[in-house]
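Given next are the chains, with one letter for each unit.
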Amino acid sequence: MSGTSLGMPAFPRAAAVSTGDSRLRANLTHATHTIRDKRARAVAELDDWAQLRAAGAAVKDRTLRHLDHYLERLEESVVAAGGRVHWAADAEEANRIVTRLVRETGEREVVKVKSMATQEIGLNEALAEAGIRAYETDLAELIVQLGDDLPSHILVPAIHRNRSEIRDIFLREMGSWGRPAPEGLSDSPAELAEAARLHLREKFLTAKVGISGANFMVAESGTLVVVESEGNGRMCLTLPETLISVVGIEKTVPTWQDLEIFLQLLPRSSTAERMNPYTTTWTGTTDGDGPRTFHLVLLDNGRTDTLADTVGRQALRCIRCSACLNVCPVYERAGGHAYGSPYPGPIGAILTPQLRGIEGSLEASLPYASSLCGACYEVCPVAIDIPEVLVHLRERVVEGGPVTRRGTRTVLKPARGHAAERAAMRAAAWAFDHPGALRGGMRLASRTRRLHPRRLPGPGRAWSDSRELPAVAAESFRDWWRRTRGEQRPDGASGEGRGGVR
Amino acid sequence: MSGRDVVLARIRRALADVPRGEGPSDPPVARDYLRVHGSRTAGQDVELLAENLADYRAIVHRSGPDGLPALIGRLLAERGARSVVVPPGLDPGWLAAAEVTRVPDLAPSTARELDAVDSVVTGCALAIAETGTLVLDAGPDQGRRRITLVPDHHICVVRVPGQVVGSVPEALPRLAPDRPLTWISGPSATSDIELDRVEGVHGPRTLEVVLLAAG
């Protein structure tokens, strides 16, 4: 995916295109509002939600603050249970390891459980280059793969496609990947799901290698957990002879007991269910049941850089539930592709620039892909303060400062193209320190308001291209206060008269 | 340096702000969330389990020990099942009234062979009332994970009230992490197409649960 995303336009350009796509907007609005309402009801069933949320955040923080300890513990437990553990510092190394492991089996095809980590590293593309075909088996991922498309939502990657588009993709593409779609396929979801079942069952019954991610890894027991709905996960995790799981190092939790928190938080936040239809846990290998060989590839790929930022670190608590996407007014209008990464929406706006660094134009634009309304923080089951991290990253983009890249501390220069914003911030800071000048400037603005252009000139144009410039009031607030409330101070400190503004 | 050394060294540098004396389990975790939501008797837990299973479109039946063989026989006949996978430790009496070919759960049998079998009958490790979840731990009366996955029809027998717990926090201490677990909450389902829920994509399309009361 990283390869595919390199040519992606920066967020504002991409969003300008997608916001004009009325079908996309209709699909997204329907989907996000449906999940959002259901989720609110599912969460309301648990009157200790706030305590669960705090505990989820605390367990993740505990793990992150001692991640080296817990990863060593995890490795020890997985090895003791018969698994093998590999460590990958970046996407390239992870892809190299997985390619080698598949080659050692002698197989040229693998079945995959939907996994954000393998999308992040572009595993399918890397395997294709090595002559290995990877079949996505989650229904939505299948739609995306057959349509030669990109996922646009963490949980429902084909959320941007409606049923008739899906039928067309199935009829056109299934044949070249395996069993063709039945003739006369309608666009009813049940028929489409049946077509996917028949198409994929052939793969499941013959596949010798499965590739997955994991939702959680338990350090004390070496247990991996995959949470899913369709059963494609169970197929990939239990039928092949070899299982390779590629998992971000932040998915670790210390103890078996900790799962009691996350198995309550995740399904309700994600699909708004009391529990997802299927959860599979495995600890190394089990004689006669499931894969004979199990490899765990622990993936860094920017996570340790994120860990080094004491404000941004909290993004690593994310359990990929996607609740933040479904409440975000910006995501709802722009769609997932505009974020140029497998991680769209508010979490993507803080995760992608941290995992990849903010030097690129897309990455530098993502912290601005938000109205800072705070809805994402409200719904986050592990209480990631996304607005706080967004503001922090904006500061890094504009002002530069210390960051860690590929494990090395460095000082980032202010990003080019933000000179106007920097100048404006400095001017504002100066003006607020000089009340006389501020008062004079506001009065001047009021009196010349008819002369103001609708669009800003120069570097400000990019800003005003997509926004209405605020109208300047006929009278400044200070002047209005003075006229209507006499000499009373605007902060209400005089305490007299018609009530201070507090 | 190996990938392992690189990643661990990066983590240690990244965590320079963590005080040296702080131990791995020192950062506090308040576990003031509820062990169980609401107070219910064992009987009420069974009722809630039945309600939540049905809500996620599992078909729920009730039986005593005497009626169980006839019930299972009838359920298999109604489905037109001609063959059924049987875990090694399943009480043979449960299938006494079933006129079907019994397929033993054997390690060498292939997934394709399983695909030709109509149904599977198992017990379970436990069931969770609040979430409507069955948990299988590959015990002798449940068999390998794949036998409850590939056939299209699963009949799962839950001994009530003994195997029913109230909540997720009550379930985990009763389960062994070193056993492979399968948690099942209703039949396989997808909502990937315009969020319309469709049952049965890859797992069994029909899940029938028998709540077996003690005799």
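Being a predicted model, the structure only gives us computed values, none of them experimental.

Student: Sorry if this is basic, but what is going on with the overall build of chain B here?
Tutor: Along the backbone of chain B there are five helices and twelve strands. Against the compact-globule benchmark of 17 Å for 215 residues, chain B has a radius of gyration of 21 Å, which places it well outside the compact range. Seen through its principal axes, chain B has C-alpha atoms that stretch 70 × 45 × 40 Å. By residue count, 58% of the 215 residues in chain B fall in the buried class. Considering only intrachain contacts with a sequence separation of at least 6, the fraction spanning at least 24 residues in chain B is 72%. On chain B, roughly 8,700 Å² of surface is accessible, and the fraction owed to carbon and sulfur atoms is 52%. Each charge sign in chain B was given a centre, from 23 positive and 28 negative side chains, and these centres are 7 Å apart.

Student: I keep staring at the overall build of chain A and nothing clicks. Help me out?
Tutor: Across its full length, chain A carries 24 helices and twelve strands. Rg of the C-alpha trace for chain A: 26 Å, near the compact-globule value of 23 Å for 502 residues, within the 12% margin. Taking the principal axes of the C-alpha coordinates as reference, chain A spans close to 85 × 55 × 45 Å. In chain A, which comprises 502 residues, the proportion classed as buried is 59%. Across chain A, contacts joining residues at least 24 apart in sequence account for 71% of those joining residues at least 6 apart. On chain A, roughly 20,400 Å² of surface is accessible, and the fraction owed to carbon and sulfur atoms is 52%. Across chain A, the centroid of the 65 positively charged side chains sits 8 Å from that of the 62 negatively charged ones.

Student: Would you mind going over the environment of T293(A) with me for this structure?
Tutor: All names here are of chain A. By the element assignment, T293 lies in strand β10 (residues 293-299). Taking the C-alpha atoms as reference, T293 lies 9.3 Å from P240; in sequence the two are 53 residues apart. With sequence-adjacent residues up to four places away left out, T293 is seen in contact with R84, E241, T242, L243 and T285.

Student: Explanation requested: the sheet that holds strand β6 (residues 223-228) of chain A in the structure shown.
Tutor: The strands that make up a sheet pair up through hydrogen bonds in the backbone, lying either parallel or antiparallel. Ordered in space as β8(A)-β5(A)-β6(A)-β9(A)-β9(B)-β6(B)-β5(B)-β8(B), the eight strands form an open sheet in which the pairing is mixed. If you trace the sheet from one side to the other, it starts and ends with β8 (252-253) of chain A together with β8 (164-165) of chain B, each paired once.

Student: What is the right way to read the pairing of strand β12 (residues 408-412) of chain A from this model?
Tutor: Working note: regular strand, side chains alternate between the two faces of the sheet. All names here are of chain A. Looking at chain direction, strand β11 (residues 401-405) and β12 are connected through five bridges and run antiparallel. Bridge assignment links G401 to a residue of β12, and that residue is L412. Taking the residues between adjacent antiparallel strands as the criterion, β11 and β12 are bridged by two residues, where R406 takes a positive phi near 50°.

Student: Looking at this structure, how should I read the side chain of N215(A)?
Tutor: Relative to the helices and strands, N215(A) is located in the loop between β4 (209-212) and β5 (216-218). If we skip the residues at most four places from it in the chain, N215(A) touches V225(A), V226(A), V227(A), K251(A) and L266(A).

Student: So what exactly am I meant to see when it comes to the packing of aromatic side chains here?
Tutor: Each aromatic ring pair is characterised by the separation of its centres together with the angle its planes make. Enumeration over the complete set of coordinates arrives at eight aromatic pairs over all chains. Considering the side-chain rings of W480(A) and W481(A), the 6.2 Å spacing of their centres and the 65° angle between planes classify their relative orientation as edge-to-face. Overall, the relative accessible area of 31% leaves W480(A) in the partly exposed class. Judged by its relative accessible area of 3%, W481(A) falls in the buried class. The residue whose ring lies beneath K203(A) is Y135(A), and the NZ or CZ to ring-centre distance is 4.4 Å. Lying over the aromatic face of Y56(B), R197(B) brings its terminal NZ or CZ to 5.4 Å of the ring centre.

Student: Help me understand the pattern of salt bridges, please; the structure alone is not making it clear to me.
Tutor: Charged atoms that come close allow side chains of opposite charge to pair. All names here are of chain B. Within the structure shown, the criterion is met by 47 salt bridges over all chains. The shortest N-O distance in the salt bridge between E47 and R62 comes to 3.2 Å. Within this pair, whereas E47 is found in helix α2 (residues 42-55), its partner R62 is found in strand β1 (residues 59-63), the two being separated by 15 residues in sequence. With relative accessibility at 49%, the residue R62 sits in the partly exposed group. In this structure, D137 engages R179 in a salt bridge whose closest nitrogen and oxygen atoms are separated by 3.7 Å.

Student: Just checking my understanding: could you explain the state of the cysteines for this structure?
Tutor: By definition, a disulfide links two cysteine residues through a covalent bond between their sulfur atoms. Residue and element names in this part refer to chain A. As enumerated under the stated definition, the model contains zero disulfides over all chains in all. Note on C328: no disulfide assigned, nearest cysteine sulfur contributed by C373 at a separation of 6.4 Å. Here C376 is not disulfide-linked; the sulfur of C373 is the nearest cysteine sulfur, at 6.2 Å. Taking relative accessible area as the criterion, C376 reaches 9% and is therefore assigned buried.

Student: Would you mind going over the interface of chain B and chain A with me for this structure?
Tutor: How big an interface is tends to be stated in terms of accessible area lost as the parts join. Contact with chain B, which involves 78 residues of that partner, is made by 95 residues of chain A. Between chain B and chain A, roughly 7,600 Å² of surface is buried when both sides are summed, and carbon and sulfur atoms account for 56% of that area. On the chain B side of the interface with chain A, the three residues burying the most area are R145(B), D192(B) and H202(B), jointly 10% of the side's total. Linking chain B with chain A are 17 salt bridges, by the criterion used here. Taken together, the elements giving at least two residues each to the side of chain B that touches chain A come down to α1 (3-14), α2, α4 (111-115), α5 (168-171), β9 (181-184) and β10 (189-190) of chain B. The element contributing the most residues to the side of chain B that touches chain A is α1(B), with ten residues. Here the side of chain B that touches chain A is composed, by residue class, of 37 nonpolar, 17 polar and 24 charged.

Student: I tried to follow the pairing of strand β9 (residues 278-283) of chain A on my own but got confused; where do I start?
Tutor: Residues and elements named next belong to chain A. Where burial is concerned, most of β9 is hidden: six out of the six residues are buried. Residues Y278, T280 and W282 line one face of β9 and the alternating positions T279, T281 and T283 line the opposite face, and both faces are buried. Here six bridges tie β6 to β9, and the two strands are oriented antiparallel to one another. By the bridge assignment for β9, V226 is matched with T280.

The rules behind each value
- Residues numbered from 1 in each chain as written.
- Chains lettered and ligands numbered in written order.
- Predicted model: local features only at pLDDT ≥ 70, side-chain atom pairs only at ≥ 80, totals over all residues.
- Heavy atoms only, no water.
- Helix = DSSP H or I, 4+ residues; strand = E, 2+ residues; numbered from the N terminus.
- Rg over C-alpha atoms; globule rule 2.2 N^0.38 Å.
- Buried < 20%, exposed > 50% of the residue type's maximum accessible area, 1.4 Å probe, protein only.
- Contact = heavy atoms within 4.5 Å.
- Areas by Shrake-Rupley, 256 points an atom, 1.4 Å probe, with all protein chains shown as cover.
- Lys, Arg positive; Asp, Glu negative; His and termini not counted.
- Charge placed at Lys NZ, Arg CZ, Asp CG, Glu CD.
- Pairing = 2+ DSSP bridges.
- Phe/Tyr/Trp six-rings, centres within 6.5 Å; stacked < 30°, edge-to-face > 60°.
- Lys NZ or Arg CZ within 6 Å of the ring centre and 35° of its normal.
- Salt bridge = Lys/Arg side-chain N within 4 Å of Asp/Glu carboxyl O.
- Disulfide = S-S within 2.5 Å.
- Buried area = accessible area lost by both parts, 1.4 Å probe.
- Nonpolar A, V, L, I, M, F, W, Y, C, P; charged D, E, K, R; others polar.

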